[in-house]
Amino acid sequence: MEDNNSNDLLQEQVQDESTELAVSETKRSVYTDQGDPEIDSLYRKWKKGILIIQPDFQRGFVWDISRASRLIESILLDIPLPVIYLSQEKDGKENVIDGQQRLTSFFSFIDGKLPDPELPFGKDFRLSKLNVFTELNGLFFKDLTEESQNKIQSYNIRTITFRKESDSDLKFEVFERLNTGAVSLNDQELRNCIYRGNYNDLLWELSQEQTFRELLGIKRPERRMRDVELVLRFASFFHATYINYKPPIKTFLNSDMEKYRFISEKESQALRSAFKSSISIIKSLLNENAFKRFHKGNDRQPDGYWEKKQFNASLYDILMDSFARLDKNIVYQHLDAIREAYIDLMTDDQDFIDSIELSTSSTQAIHARFKKWNTAIDDILNVTHREPRCFSFQLKEQLFKSNPICAICNQRIINIDDSAV
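Please read these numbers as outputs of a predicted model, since none were measured by experiment.

S.K.: Sorry if this is basic, but what is going on with the overall build of the protein chain here?
M.R.: A tally of helices and strands in the protein chain yields 17 helices and 9 strands. Of all 421 residues assigned to the protein chain, the portion counted as buried reaches 49%. A separation threshold of at least 6 residues defines the contact pool for the protein chain, and within that pool the share at least 24 residues apart is 71%.

S.K.: In this structure, what is going on with a nonpolar patch on the surface? I would like to understand it.
M.R.: Together, Leu-77, Ile-79 and Val-132 line one region of the surface with nonpolar side chains, adding up to about 230 Å² of accessible area. With respect to the helices and strands, Ile-79 occurs in the loop between α2 (65–76) and β3 (84–88).

S.K.: Can you help me understand the sheet that holds strand β4 (residues 94–98) in this one?
M.R.: Sheet strands associate in pairs through backbone hydrogen bonding, adopting either a parallel or an antiparallel arrangement. On the basis of which strands lie adjacent, the open sheet formed by 5 strands has the order β1-β7-β3-β4-β2 and mixed pairing. Of all strands in the sheet, those bounded by a partner on one side alone are β1 (32–35) and β2 (51–52). Two elements, β2 and β4, share 2 bridges in a ladder whose sense is parallel. Pairing of Leu-51 across the sheet is with Glu-94, part of β4. Contacting β2, β3 and β4, helix α3 (residues 100–111) runs over the sheet at an angle of about 115 degrees to β4.

S.K.: How do you make sense of the packing of aromatic side chains when you look at a structure like this?
M.R.: In this description, a pair of aromatic rings is defined by centroid distance and the angle of the planes. Taken as a whole, this structure holds 22 aromatic pairs when the rule is applied. Taking the centre distance of 5.7 Å and the plane angle of 85 degrees together, the rings of Phe-109 and Phe-141 count as edge-to-face. In this pair, Phe-109 sits in helix α3 while Phe-141 sits in the loop between β6 (119–124) and α4 (146–153), placing the two residues 32 residues apart along the sequence. Among the residues examined, Phe-109 registers a relative accessible area of 1% and is labelled buried. Taking the centre distance of 5.0 Å and the plane angle of 50 degrees together, the rings of Phe-237 and Phe-252 count as tilted. Taken together, the positions of Phe-237 in helix α9 (residues 226–240) and Phe-252 in helix α10 (residues 249–259) put the pair 15 residues apart, joining distant regions of the chain. Residue Phe-237 is classed as buried on the basis of its relative accessible area of 1%. Note on Phe-252: relative accessible area 9%, which makes it buried. Taken together, Phe-237, Tyr-242, Tyr-245, Phe-252 and Phe-370 form an aromatic cluster joined through their ring pairs.

S.K.: I tried to follow α2 on my own but got confused; where do I start?
M.R.: Side chains of residues three or four places apart in an α-helix project in the same direction, reflecting 3.6 residues per turn. Between the first and last C-alpha of α2 there are 17 Å, a value that for 12 residues agrees with the 16 Å anticipated at 1.5 Å per step. With 10 of 12 residues buried, α2 is to be regarded as a mostly interior element. Looking only at α2, the buried set comprises Ile-65, Ser-66, Ala-68, Ser-69, Leu-71, Ile-72, Glu-73, Ser-74, Ile-75 and Leu-76. Along its buried surface, α2 packs onto α1 (39–47), α3, β5 (113–116), β6 and α4.

S.K.: Any chance you could explain the pattern of salt bridges here in plain terms?
M.R.: Side-chain pairs of opposite charge can arise where the charged atoms are in close proximity. With the rule as written, the count across this model stands at 25 salt bridges. For Arg-102, the salt bridge is made with Asp-98, and the minimal N-O distance between the two is 3.9 Å. Each of the salt bridges in this network shares a partner with another, and the network as a whole consists of Asp-33, Arg-163 and Glu-165.

S.K.: Whenever I open this one, α9 confuses me. Can you help?
M.R.: Between the first and last C-alpha of α9 there are 21 Å, a value that for 15 residues agrees with the 21 Å anticipated at 1.5 Å per step. Buried residues dominate α9, accounting for 12 of its 15 residues. Residues Asp-227, Val-228, Glu-229, Leu-230, Val-231, Leu-232, Arg-233, Phe-234, Ala-235, Ser-236, Phe-237 and Phe-238 constitute the buried set of α9. Directly after α9, the chain includes Thr-241, whose backbone phi takes a positive value near 70 degrees.

S.K.: Any chance you could explain the confidence of the model for the protein chain here in plain terms?
M.R.: Low-pLDDT stretches of the model should not have their predicted coordinates read in fine detail. Averaged over the protein chain, the pLDDT score is 85; the fraction of residues at 70 or greater is 82%. No element of the protein chain has a lower mean pLDDT than helix α17 (residues 393–402), at 63, and none a higher one than helix α12 (residues 313–324), at 98. Every residue in residues 12–18 is under pLDDT 50, and counting partners more than four places away or in other chains gives 18 contacts. In the model, residues 383–392 has pLDDT below 50 throughout and makes 6 contacts with residues more than four positions away in sequence or in other chains.

S.K.: Got a minute to help me understand the pairing of strand β7 (residues 159–162) in this structure?
M.R.: Regular strands place their side chains on alternate faces of the sheet. Neither face of β7 is exposed, since Thr-159 and Thr-161 on one face and Ile-160 and Phe-162 on the opposite face are all buried. By the bridge criterion, 4 bridges tie β1 to β7 in an arrangement that is antiparallel. Its bridge partner being in β7, Gly-35 is matched across the sheet by Thr-159. Pairing between β3 and β7: 4 bridges, direction parallel. Of the residues in β7, the one forming a bridge with Ser-87 is Phe-162.

S.K.: How do you make sense of the packing of helix α7 (residues 198–207) against helix α11 (residues 265–285) when you look at a structure like this?
M.R.: The packing of two helices is summarised by the inter-axis angle and the distance between the axes. Two elements in contact, α7 and α11, have axes whose closest approach is 11 Å; the angle formed by their N-to-C orientations is 20 degrees. Classified by the interaxial angle, the pair formed by α7 and α11 is roughly parallel. In terms of crossing hand, the pair formed by α7 and α11 is right-handed. Of the residues in α11, those in contact with Tyr-199, Leu-202, Glu-205 and Leu-206 of α7 are Ser-268, Leu-271, Arg-272 and Phe-275. In terms of residue class, the contact of α7 with α11 is built from 5 nonpolar, 1 polar and 2 charged.

S.K.: For this particular structure, what's the right way to read unusual backbone geometry?
M.R.: Peptide bonds are, in most cases, trans, and in most cases residues other than glycine have a negative phi. The omega torsion across Pro-247 and Pro-248 is 5 degrees, close enough to zero to call that bond cis. Along the chain, the position of Pro-248 falls in the loop between α9 and α10. Even without glycine at this site, Lys-129 takes up a positive phi of about 55 degrees. Looking at the element boundaries, Lys-129 is found in the loop between β6 and α4. With a relative accessible area of 56%, Lys-129 lands in the exposed category.

Parameters at a glance
Residues numbered from 1 in each chain as written. Predicted model: local features only at pLDDT ≥ 70, side-chain atom pairs only at ≥ 80, totals over all residues. Heavy atoms only, no water. Helix = DSSP H or I, 4+ residues; strand = E, 2+ residues; numbered from the N terminus. Buried < 20%, exposed > 50% of the residue type's maximum accessible area, 1.4 Å probe, protein only. Contact = heavy atoms within 4.5 Å. Patch = residues over 30% accessible without salt bridge, like charges linked within 9 Å, V, L, I, M, F, W, Y side chains within 5 Å. Areas by Shrake-Rupley, 256 points an atom, 1.4 Å probe, with all protein chains shown as cover. Salt bridge = Lys/Arg side-chain N within 4 Å of Asp/Glu carboxyl O. Pairing = 2+ DSSP bridges. Axes fitted to C-alpha atoms, helices over the stretch in contact; angles between N-to-C directions. Phe/Tyr/Trp six-rings, centres within 6.5 Å; stacked < 30°, edge-to-face > 60°. Expected span 1.5 Å × (residues − 1). pLDDT = per-residue confidence, 0-100. Parallel < 35°, antiparallel > 145°, perpendicular 65-115°, else oblique. Left-handed = near helix turned anticlockwise from the far one by under 90°. Nonpolar A, V, L, I, M, F, W, Y, C, P; charged D, E, K, R; others polar.

Next up, the structure:
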C-alpha cells in the first residue's frame, strides 16, 4: 500500500447486498427523546465522562481547522445546525452516533486544542479562514470577547437520543439511514460508536500490531477503521466458526461485537494469542503476498503471478482462521508444502476460485472455501511424520546469524522461520 494508505488493499472488505433484518415484531420500535441543550451543557457532560464522543478523543476526527472554524462562525451568525444523534447506554452514558465532528469542533475550540493523530496533545485551535468575522481570524476561544464566548457556549443545538430500550440491530439500521453527512460513517465507524467497551479497545489494540500492518501494507492506523474491521472479521470467525456463519456479513460482525462487548480477560488473552500466532505464521508463509490472489501463468507471465495490491477478504478469512487454530511449531515444519497447496487451490480448483470471487459472503461460498482450505492443510499435517527436534532454537538462531545462506539452493534466507536445521 502507498504511504497515504489509499490503494485497493482495504477497499474490498464488507460489501454486502441489501438483506432483510431478522427483528421480531415486538422489537420493531425505537424509543427516542428530543432536546435543545446548550453547547456548554454538552461540554460539561463530556468533561464528566457522561457524553462519549468516541473511545479515544484523538481517534477518527477528519475535519481540518478551517472547516471547524467555519462551524464556529455559523454559531456567531445564528445559522441553525443539523441535529446531533445520541445513543443511551445501560449505564446511563450517551454515545454520539451522528455529530462527532461538530461536537469535537465545539469542545476543541473551547479547550484550545484540535485532535491530530500526528501530535499527542493535538494542535492549537485558532480560528482560521473566516469569511464574515474576519477580525477573529487567528484568535483562540479565550481571546474572544465575553459576549462572543457566551454566544458560543449558550448556543442551543437539537439532539435526538435513542433510549437504551431500543433493539440494537434496529438502531444500527436506523443509524445507517441517518448517516448521510458529507463524510459518512462506514460500518466499523458506526460499530465504534454503538458497541463501546473493552472489546472495541482490544480490536483497536490488535489492529496496531506491527506485523499485521506489514501484512496489510500500511504504515499507520487506517483512518476509516478498516484495519480494525479486519480484526473484528477475524475475531467473529474465531468465536463463532464458519459453520455458524449466517449472512449478511455485516450482521455477523455486529453480533460478535454485541456478544463480546465486555469481553473477559481470559477471552481477551485467548483472542490476542490466536491473532498474534496467526499473523506470525502468515508473515513467514507469504509475507508481502499475504491476502492477495495468485493467478495461473499466461503468455506474458508463464510462471503465474501475484496480485500487486488487490486485497482479498475471502483469502484473509481462511488464512487467519486456520492458522489461529494450529500449533505454530508444527506449521513451520510444513510451510513449503502449505504454500504450494495454497497456490494450487487458487490456480487449479475452480470451485475454490469461485468461492473467493463470486458471491463471497454467501453461506455456500464461505463453507466451500473454508472446507477446501482446511482439508488441504489437514492432508499436509497428517501425512508427513513429524520428526523430533534435536536442536534448540538458540542454536538455530546462532547458525542463521552466522550464515543465512541455504546450503541446498545457495539462496539467502529472508526469515529465520523459513529455515531448517
